[in-house]
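Coordinate inspection notes
Okay, here's what each chain looks like letter by letter:
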Amino acid sequence: QVQLVESGGGSVQAGGSLRLSCAASGNILSTNAMGWYRQAPGKTRELVATITSGGSRNYADSVKDRFTISRDNAKNTVYLQMSALKADDTGVYYCAAQTLFTGRWDYWGQGTQVTVSS
């Protein structure tokens, strides 16, 4: 099992920045990629960004050039640096871990709220 704990959410005005952190514990070696998803009110959960154990990154088109995902393997922590935030970025942000052998996103954090006011 893998446990994920997010932190760093909050309220910010449009144009501002926030950094989210996700601390992983447990059977970390069973995971490959880590990622951030978000869910806005009344909408389905969507991918924001992912990063593999080797450092390859992938972003949703809506956040490219504004968000940066990174990971510190020594600390078992993944970060999401968010800049130039927009009201559309509001939602609950979830950290997720992909199981190495199945490729499924099996592990999820409890979520952290990000609210961007215009």
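Here is a short report on the structure shown in this document.

Calculation criteria
Residues numbered from 1 in each chain as written. Predicted model: local features only at pLDDT ≥ 70, side-chain atom pairs only at ≥ 80, totals over all residues. Heavy atoms only, no water. Helix = DSSP H or I, 4+ residues; strand = E, 2+ residues; numbered from the N terminus. Rg over C-alpha atoms; globule rule 2.2 N^0.38 Å. Contact = heavy atoms within 4.5 Å. Areas by Shrake-Rupley, 256 points an atom, 1.4 Å probe, with all protein chains shown as cover. Lys, Arg positive; Asp, Glu negative; His and termini not counted. Charge placed at Lys NZ, Arg CZ, Asp CG, Glu CD. Phe/Tyr/Trp six-rings, centres within 6.5 Å; stacked < 30°, edge-to-face > 60°. Buried < 20%, exposed > 50% of the residue type's maximum accessible area, 1.4 Å probe, protein only. Pairing = 2+ DSSP bridges. Salt bridge = Lys/Arg side-chain N within 4 Å of Asp/Glu carboxyl O. Disulfide = S-S within 2.5 Å.

Next up on the list: the overall build of the protein. For the protein, the helix and strand inventory stands at 0 helices and 11 strands. Listing each helix as α and each strand as β along the protein from the N terminus yields β-β-β-β-β-β-β-β-β-β-β. Relative to its length of 118 residues, the protein is compact, with a C-alpha radius of gyration of 13 Å against a globular reference of 13 Å. The long-range fraction of contacts in the protein, counting pairs at least 24 apart against all pairs at least 6 apart in sequence, stands at 54%. For the protein, the exposed area adds up to about 6100 Å²; of that, 47% sits on carbon and sulfur atoms. One way to put it: in the protein the 11 positive side-chain charges average out to a point 2 Å from where the 8 negative ones average out.

The next point concerns the packing of aromatic side chains. As enumerated under the stated definition, the model contains 2 aromatic pairs in all. Seen from their ring centres, Y37 and W108 are 5.0 Å apart, and the 65° between their planes marks the pair as edge-to-face. Highlighted residues: Y37 in strand β4 (residues 31-39) and W108 in strand β10 (residues 105-108), separated in sequence by 71 residues. Its relative accessible area of 14% is what places Y37 among the buried residues.

Moving on: the pairing of strand β7 (residues 67-72). One ladder, built from 6 bridges, connects β7 with strand β8 (residues 77-82); its direction is antiparallel. Its bridge partner lying in β8, R71 is registered against V78. With antiparallel pairing between neighbouring strands as the criterion, β7 and β8 make up a hairpin whose turn holds 4 residues, including N76 at a positive phi of roughly 50°.

Before going further, it helps to examine the pattern of salt bridges. Going through the model one piece at a time under the given rule, you end up with 5 salt bridges. Put simply, D89 and R66 hold a salt bridge, and the shortest N to O gap is 2.8 Å. One end of the pair, D89, is in the loop between β8 and β9 (91-99); the other, R66, is in the loop between β6 (57-59) and β7, with 23 residues separating them in the sequence. For the pair shown, D89 and R66 are each scored as buried. Via salt bridges that share partners, R38, E46, R66 and D89 belong to a single interconnected network.

Let us look at the state of the cysteines. Here the structure, examined in full by the defined rule, presents 1 disulfide. Across a sulfur-sulfur distance of 2.0 Å, C22 and C95 are joined as a disulfide pair. When the S-S torsion is -80°, as for the bridge of C22 with C95, the disulfide is left-handed. In this pair, C22 sits in strand β3 (residues 18-26) while C95 sits in strand β9, placing the two residues 73 residues apart along the sequence. Each member of the pair, C22 as well as C95, is classed as buried.

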